[in-house]
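Structural overview
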Amino acid sequence: MHTPSSPARMLARRSFFRVAGAGAAASALVLAGCGKDDPEPTVAGTPTLTLGSFVTTTSSDPNITVLNYAYLLEQIEAAFYDKVVATPPADLQPGELAYLTDLRDHELIHREYLKYALGTSAYDNSLSAPLVFNFSTFTLTTRTGVWTAARQLEEIGVAAYNGAAKYLTSAEHLNALGKIVSVEARHAALAREVLQPGSFADNVGTTGLDDAKTPAQIVALIQPFVPVVISTANLPTT
Amino acid sequence: MNFFHILSEIEKTDPEVFERFDSRRQVFKHLSGFGKKMTAAALPLAMGAIFNKAYGQSSSAPSVNDVLNFALKLEYLEAYFYNIGLSGDGTIGNNTTTAAQTALRAQFSTTNLSSLLKIRTDENNHVNFLRTALGNNAIAAPAVSQFDFTGGKGTNAGPFAGLFSNAALFLAVAQSLEDTGVRAYKGGAPYLASNKDILTAALNIHSVEARHASRLRTMRRGGPLNNAASGTAGAGTGASPKSWISGTDGGGASPAQTAPIYGAGSAPTYTPAGITFPAEDNVTQGATGANPGVNLQTALASLNFPAAAFSEAFDEPLDVPTVSTIARTFTITGSTLF
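For chain B, the name recorded in an unreviewed UniProt entry is Ferritin-like domain-containing protein, with Hymenobacter yonginensis as its organism.

As recorded by an unreviewed UniProt entry, chain A carries the name Ferritin-like domain-containing protein and is attributed to Hymenobacter yonginensis.

Put into structure tokens, the structure is as follows:
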């Protein structure tokens, strides 16, 4: 029933593009990127991913910048769960693969939604091949390793959305972001629970408030997963 | 003055007039005594109050203080609930444990109890935080007696009677309150955008409510005495409730009372363009202006994901009037808090 493998995912993305009404050029771009195995994915032009300046016509729109930022985060999460669900650790406890599959589904849906919302402004439209994320810092052969990684990624997501919301100038995009961040928080709480029951909100301090991190802080946390240098030069700071 | 004649006239232009007064149409019960108890002179005043309640909230967008005070009321609702159940007399900061509270505590595993106490602490902290943020604009702390968590409107014998002595019922009401809180903060966020610090703080509370909801759902899934609820009993596909809202969750913990928590809201006239309040089973996202958005379930059909995943991936916002109606489930008759 699930189709976790990369080719299947790309196939699905093709049909998503059709329904979403994107141009033939965009479809061709994606098709070109998934035709065969790409052992060494290459990035067109400079090997620096500058969030916020990659689309000249909309570079001053903070909504597009934040959405691209969120899109990158969701790509990382989806790729992580895709990998885990495709090759789950042997010591998963009963029911845990179902949890991970739900998480994978949600993150992939988030990713595709943001791709839809960005349309031609999606940063990877200008890449010759999709980014292949690097999860070598994680231990994915044990359930503890997998859930520790999941916890880390989900907490990054919560703090990133909480910290970036204030840059949005569109009520609609703020509304959409809010719909996603609470699901990420539900994920984060579950990942914590699986590792240590009762730890669902251990990061919540004496004010009762969750974390919010700046884009610069988040980029430092996700850089190890991304095969190109992420520049924060064009991310909003106020 | 013929009150019912006026109502019938209004109904011609606003068919939902009765729903505005009270979704269960108890307005007629409330009105039955009016003629006897009140003089003709007092009647217009009472009517004014009724109409203000029905229509007043939709006249203009809430201010930042309005949103924060509304959030504060909801936090009082939550904090008093956990306080009454777990320690003290309900008020913020009173931690003396009664015999009844000790008995309820004993029905939870050690870890589950510590989780509930953590949630209780968070909610009390939310009250304190919002009071500090509002300063002199904060509403006065409502009396604990304003609330009846059994849903009995002050009889303490409503559909949730016994919730403070029954662990499963306690968790069911707790989940209902937290899921409501998540939707309420989400609905309020657009009105806080003018103050970035306040918006960020509100979102930081919002995600904590979601953590609470997620945790309460694992407790319900595994049972009050199951320490490792997330990893053992009931885990896996088909176990419910999930840690996230799946479809409309079958109406929630007690559908007769909790279905509106997962249902659609209704957009007040001041709602920003493009923002809607669909039920939690919504699968269409990204509507902006003239763009109707995309039905993700249709667009991503080839993934063969379970249909529910497309609703689970997004929590939906809820508008102030609808949240108020839900919150009034837990207030006594005559309370004007919500």
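Here we come to the overall build of chain B. The secondary structure content of chain B amounts to 14 helices and two strands. Residues counted as buried form 54% of the 338 residues belonging to chain B. Across chain B, contacts joining residues at least 24 apart in sequence account for 69% of those joining residues at least 6 apart. Of the roughly 13200 Å² of accessible surface on chain B, 56% is carried by carbon and sulfur atoms.

The next subject is the interface of chain A and chain B. Contacts between the two partners involve 62 residues from chain A and, on the opposite side, 73 residues from chain B. Between chain A and chain B, roughly 5600 Å² of surface is buried when both sides are summed, and carbon and sulfur atoms account for 63% of that area. On the surface where chain A and chain B come into contact, there are seven salt bridges. For the interface between chain A and chain B, the tally reads 29 residue pairs in polar contact (both at pLDDT 80 or more). Only α1 (6-20), α4 (96-118), α5 (143-164) and α6 (171-195) of chain A provide two or more residues apiece to the side of chain A that touches chain B. If one sorts the elements of the side of chain A that touches chain B by residue count, α6 of chain A sits on top with 20 residues. A per-class count over the side of chain A that touches chain B returns 30 nonpolar, 19 polar and 13 charged.

Residue and element names in this part refer to chain B. When the pLDDT values of chain B are averaged, the result is 86; 79% of them are 70 or greater. A low-confidence stretch, residues 22-52 stays under pLDDT 50, and its non-local contacts, those more than four residues away or across chains, total 27 contacts. Low confidence marks residues 231-237, where pLDDT is under 50. Its contacts with residues over four positions away, or in another chain, come to 16 contacts. In the model output, the complex is listed with pTM 0.83 alongside ipTM 0.83.

So, on to the packing of helix α9 (residues 167-188) of chain B against helix α10 (residues 196-222) of chain B. Residue and element names in this part refer to chain B. Between α9 and α10, the least distance of the axes is 8 Å, while the angle of their chain directions is 155°. On the basis of their axis angle, the class for α9 and α10 is roughly antiparallel. With respect to the hand of their crossing, α9 and α10 are arranged in left-handed fashion. Contact residues: α9 offers Leu171, Ala172, Ala174, Gln175, Glu178, Asp179, Val182, Tyr185 and Lys186, while α10 offers Ala202, Ile205, His206, Glu209, Ala210, His212, Ala213, Leu216, Arg217, Met219 and Arg220.

Here the focus is empty space enclosed by the protein. Any empty space left between atoms is shown by rolling a water-sized probe over those atoms. Residues and elements named next belong to chain B. Per the counting criterion, the structure on display carries nine cavities of 30 Å³ or more. Approximately 90 Å³ is the volume attributed to the second largest cavity. In terms of lining, the second largest cavity is formed by Val67, Phe70, Ala71, Leu74, Ala184, Tyr185, Gly188, Ala189, Leu192, Ala202 and Val320. Elements with a minimum of two residues in the lining of the second largest cavity: α6 (64-86) and α9. With four residues, the single largest contributor to the lining of the second largest cavity is α6.

Our focus in this paragraph is the pattern of salt bridges. Under the definition given, this model contains 18 salt bridges over all chains. A salt bridge links glutamate 96 of chain A to arginine 143 of chain A; its shortest N-O distance comes to 2.7 Å. One end of the pair, glutamate 96 of chain A, is in helix α4; the other, arginine 143 of chain A, is in helix α5, and 47 residues separate them in sequence. Like arginine 143 of chain A, glutamate 96 of chain A is buried. Across the salt bridge formed by aspartate 315 of chain B and arginine 186 of chain A, the nearest N and O atoms sit 3.0 Å from each other. In this pair, aspartate 315 of chain B sits in the loop between α13 (307-312) and α14 (320-327) while arginine 186 of chain A sits in helix α6, so the two residues belong to two different chains. With respect to burial, aspartate 315 of chain B and arginine 186 of chain A carry one shared label: buried. Through salt bridges that share partners, Arg186 of chain A together with Asp179, Arg217, Asp249 and Asp315 of chain B make up one connected network.

The next subject is the packing of aromatic side chains. All names here are of chain B. Within this structure, the stated rule accounts for 24 aromatic pairs over all chains. Aromatic pair phenylalanine 81 and tyrosine 82: ring centres 4.9 Å apart, planes at 75°, arrangement edge-to-face. Across this residue pair, the class does not change: phenylalanine 81 and tyrosine 82 are buried. Between the aromatic rings of phenylalanine 81 and phenylalanine 164, the centroid separation amounts to 5.8 Å while the plane-to-plane angle is 45°, which identifies the pairing as tilted. With phenylalanine 81 in helix α6 and phenylalanine 164 in the loop between α8 (110-134) and α9, this residue pair connects regions lying 83 residues apart in the sequence. Take phenylalanine 81: its relative accessible area is 0%, and that puts it in the buried class. Through a chain of ring-to-ring contacts, three or more aromatic side chains come together here, namely Tyr76, Tyr80, Phe81, Tyr82, Phe108, Phe147, Phe149, Phe160, Phe164, Phe170 and Phe330.

The next thing to look at is unusual backbone geometry. All names here are of chain B. Positive phi, close to 60°, is recorded for lysine 153, a residue that is not glycine. Tracing the sequence through the fold places lysine 153 in the loop between α8 and α9. Of note in the backbone geometry, aspartate 249 takes a positive phi value of approximately 55° without being a glycine.

Before going further, it helps to examine the side chain of histidine 106 of chain A. Structurally, histidine 106 of chain A can be placed in helix α4. The buried category is assigned to histidine 106 of chain A, whose relative accessible area is 0%. Each residue touching histidine 106 of chain A, except ones within four places of it in the same chain, is listed here: Val183 and His187 of chain A together with Trp244, Ala309, Glu312 and Ala313 of chain B.

The rules behind the values
- Residues numbered from 1 in each chain as written.
- Chains lettered and ligands numbered in written order.
- Predicted model: local features only at pLDDT ≥ 70, side-chain atom pairs only at ≥ 80, totals over all residues.
- Heavy atoms only, no water.
- Helix = DSSP H or I, 4+ residues; strand = E, 2+ residues; numbered from the N terminus.
- Buried < 20%, exposed > 50% of the residue type's maximum accessible area, 1.4 Å probe, protein only.
- Contact = heavy atoms within 4.5 Å.
- Areas by Shrake-Rupley, 256 points an atom, 1.4 Å probe, with all protein chains shown as cover.
- Buried area = accessible area lost by both parts, 1.4 Å probe.
- Salt bridge = Lys/Arg side-chain N within 4 Å of Asp/Glu carboxyl O.
- Polar contact = N/O pair within 3.5 Å; in protein donor to acceptor, adjacent residues only side chain to side chain.
- Nonpolar A, V, L, I, M, F, W, Y, C, P; charged D, E, K, R; others polar.
- pLDDT = per-residue confidence, 0-100.
- Axes fitted to C-alpha atoms, helices over the stretch in contact; angles between N-to-C directions.
- Parallel < 35°, antiparallel > 145°, perpendicular 65-115°, else oblique.
- Left-handed = near helix turned anticlockwise from the far one by under 90°.
- 1 Å grid on protein atoms, 1.4 Å probe; cavity = no way out; pocket = protein on both sides within 12 Å on 5 of 7 lines; lining within 4 Å.
- Points joined across faces, edges and corners; volume = space filled by probe spheres on them.
- Phe/Tyr/Trp six-rings, centres within 6.5 Å; stacked < 30°, edge-to-face > 60°.

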